[in-house]
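Spelled out from the first residue to the last, the chains are:
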Amino acid sequence: LFNRLKQSLLNTRKKLGDNIIELIRNKRIDTVILDKIKNQLLIADINIHTTQKIINNLRNYISFNTNCNEQSFHDALRNEMLKIVTLIDRPLFLQEKKPFIILMVGVNGVGKTTTIGKLAHYYRLKNKTVMLAAGDTCRAAAADQLEILGKRSGCIAVITKNTTSDSASIVFDAVKIAKIKSVDLLIIDTAGRLQNKIYAMEELKKIIRVITKIDATAPHETMLVLDANIGQNSVNQVRMFNEAIKITGIVMTKLDGSAKGGTLLSIADHFSIPIRYIGIGQNIDDLQPFKSHNFVEAILK
Ligand code: GDP
């Protein structure tokens with residue numbers, strides 16, 4: 001698993017870890033080097049606030065450890081990054097809810113539907129019974145895509161439409177059916193139109209109200225999907241969604257090939273929202289639970 005992760009994060013590591021190793025190689029670590037490292041962190045899509053925090057702590061470190069060498073400095077940098085990501089390393093725990101309900105949100109194109117397929121597959125492998133609901137009624141292809149993914153991963157059912165084709169009503173039916181069938185996990189897809197974001201948020205709120213009507217403790221997880229390639233703009237996406245509906249977990253997709261994996265550190269630092277999973281490819285098994293140590297090791301070396 002770790003090797004697969006390391007391979008996926010190659011481009012981020014090239015931009016981040018490899019360049020930092022070059023900067024500190026055979027050097028005495030001083031404020032000039034520290035400035036160069038700061039630039040490198042910024043170039044690697046870690047935003048100014050988070051970068052500043054890391055650099056300030058490293059500045060303290062070198063002032064107290066005047067004879068720090070390349071290796072001890074590298075370890076100190078690793079520790080600073082770990083401090084940030086271990087706080088949000090809290091895996092999703094499926095409580096015995098029957099159904100445990102995951103509401104998936106995120107703007108179009110981030111990989112939401114693909115991630116639902118991956119999650120269904122992941123939990124099927126853990127012998128959970130899974131049902132999907134197509135709450136995205138704007139994109140005709142979304143329901144078809146979900147049906148294919150549901151079949152492939154062995155879901156009990158995929159609820160795609162009823163007489164109304166209103167998303168909240170489809171979700172209402174899905175929750176009821178999942179309860180009757182005593183399904184372990186229900187994953188709900190939602191629309192992600194950004195151009196009309198007020199309406200989309202109202203629709204999400206309506207879906208949540210409908211779910212809560214049937215189970216006051218649900219949704220048990222409201223999971224925001226982010227595309228690693230959009231870089232710093234993802235901080236705005238988290239803020240936008242979190243202000244409208246409370247986000248309880250994040251999936252960052254497309255880390256494979258992206259050079260912007262550093263963004264994950266900014267997200268972790270800005271919001272204390274757990275990063276549950278990361279997407280590292282287009283296949284159904286290209287999803288990994290987020291592990292802070294492995295992630296830092298893979299981007300830093
Ligand atoms: P949605 O509009 O958010 O539902 O996005 P889709 O699930 O349709 O995905 C959009 C595109 O992103 C598709 O081509 C997916 O194959 C691709 N995709 C999703 N997740 C990943 C990932 O982790 N890595 C890569 N490389 N591609 C991904």
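Attention in this report is confined to the structure presented alongside it. (Residues numbered from 1 in each chain as written. Predicted model: local features only at pLDDT ≥ 70, side-chain atom pairs only at ≥ 80, totals over all residues. Heavy atoms only, no water.)

1. Let's talk about the layout of surface pockets
Stage number 1. Counted as a void, the largest pocket has a volume near 260 Å³.
Stage number 2. Contributing to the lining of the largest pocket are 18 residues, with Gly-109, Val-110, Gly-111, Thr-114 and Lys-254 lying nearest its centre.
Stage number 3. It is helix H6 (residues 112-125) that provides the largest number of residues to the lining of the largest pocket, a total of five residues.
Stage number 4. Looking at side-chain class alone, the lining of the largest pocket contains two nonpolar, ten polar and six charged residues.
Stage number 5. As for the second largest pocket, its lining consists of Ala-134, Asp-136, Thr-137, Arg-139, Ala-140, Ala-143, Asp-144, Glu-147, Thr-160, Lys-161, Ser-165 and Ile-170.
Stage number 6. Per-element tally for the lining of the second largest pocket: the top contributor is helix H7 (residues 140-153), with four residues.
Stage number 7. Its residues placed into classes, the lining of the second largest pocket shows four nonpolar, three polar and five charged. (1 Å grid on protein atoms, 1.4 Å probe; cavity = no way out; pocket = protein on both sides within 12 Å on 5 of 7 lines; lining within 4 Å. Points joined across faces, edges and corners; volume = space filled by probe spheres on them. Helix = DSSP H or I, 4+ residues; strand = E, 2+ residues; numbered from the N terminus. Nonpolar A, V, L, I, M, F, W, Y, C, P; charged D, E, K, R; others polar.)

2. Some thoughts on the site of the ligand
Stage number 1. Surrounding the ligand, one finds 18 residues, the nearest of these being Gly-109, Lys-112, Thr-113, Thr-114 and Asp-256.
Stage number 2. Between an oxygen atom of the ligand and a main-chain N or O atom of Gly-111, the distance comes to 2.9 Å.
Stage number 3. Between Asp-256 and the ligand, the recorded distance is 2.8 Å, taken from a side-chain N or O atom to a nitrogen atom.
Stage number 4. In isolation the ligand has 580 Å² of accessible area, and contact with the protein removes 79% of it.
Stage number 5. Taken atom by atom, the bulk of the ligand overlaps the largest pocket.
Stage number 6. Counting residues per element, the shell around the ligand draws most heavily on H6, at four residues.
Stage number 7. Its residues assigned to classes, the shell around the ligand comprises three nonpolar, ten polar and five charged. (Near = heavy atom within 4 Å. Polar contact = N/O pair within 3.5 Å; in protein donor to acceptor, adjacent residues only side chain to side chain. Areas by Shrake-Rupley, 256 points an atom, 1.4 Å probe, with all protein chains shown as cover. Sits in = over half its atoms within 2 Å of the grid points.)

3. Considerations on helix H3 (residues 31-43)
Stage number 1. Here H3 spans 18 Å end to end across 13 residues, near enough to the 18 Å set by a 1.5 Å rise per residue.
Stage number 2. When we look at burial in H3, the residues that qualify are Ile-33, Leu-34, Ile-37, Lys-38, Gln-40 and Leu-41. Looking straight down H3, one finds its buried side chains confined to an arc of 165 degrees; they lie on one side.
Stage number 3. Where the residues of H3 are buried, they touch helix H2 (10-24), helix H4 (48-64) and helix H5 (70-86).
Stage number 4. For H3, the side-chain oxygen to backbone nitrogen distance between the N-cap and Val-32 is 3.2 Å, and the N-cap itself is Asp-30.
Stage number 5. Downstream of H3 by a residue or two, Asp-45 has a phi angle that is positive, lying close to 70 degrees. (Expected span 1.5 Å × (residues − 1). Buried < 20%, exposed > 50% of the residue type's maximum accessible area, 1.4 Å probe, protein only. Arc of directions from axis to C-beta. Contact = heavy atoms within 4.5 Å.)

4. Comments concerning the sheet that holds strand S2 (residues 130-135)
Stage number 1. One open sheet accounts for eight strands, arranged S3-S2-S4-S1-S5-S6-S7-S8; its pairing is mixed. Of all strands in the sheet, those bounded by a partner on one side alone are strand S3 (157-159) and strand S8 (287-289). Across this sheet, the average inter-strand angle for adjacent strands is 20 degrees, counted without regard to direction.
Stage number 2. As paired elements, S2 and S3 share three bridges and run parallel to each other. If you follow Ala-133 over to S3, its bridge partner there is Ile-159.
Stage number 3. Seen against the sheet, H6 touches strand S1 (100-105), S2, strand S4 (185-190), strand S5 (221-227), strand S6 (249-253), strand S7 (275-279) and S8 and runs at an angle of roughly 175 degrees to S4.
Stage number 4. Strands in contact with H7 are S2, S3 and S4; relative to S2, the strand with the most contacts, it is inclined by about 170 degrees. (Pairing = 2+ DSSP bridges. Axes fitted to C-alpha atoms, helices over the stretch in contact; angles between N-to-C directions.)

5. Brief notes about unusual backbone geometry
Stage number 1. Here the amide bond leading from Lys-98 into Pro-99 is cis, since omega sits at 5 degrees, within 30 degrees of zero.
Stage number 2. Following the sequence through the fold, Pro-99 ends up in the loop between H5 and S1.
Stage number 3. For the bond running from Ala-218 to Pro-219, omega is -5 degrees, close enough to zero to count as cis.
Stage number 4. Within the element layout of this structure, Pro-219 appears in the loop between helix H9 (197-214) and S5.
Stage number 5. One non-glycine residue, Lys-98, lies in positive phi territory at about 50 degrees.
Stage number 6. If you trace the backbone, Lys-98 turns up in the loop between H5 and S1.
Stage number 7. Lys-98 gets classed as partly exposed once you look at its relative accessible area, which sits at 31%.
Stage number 8. Of note, the phi angle at Lys-301 is positive, near 85 degrees, even though the residue is not glycine.
Stage number 9. By the element assignment, Lys-301 lies in the segment after helix H12 (292-300).
Stage number 10. By relative accessible area, which is 48% here, Lys-301 ends up partly exposed.

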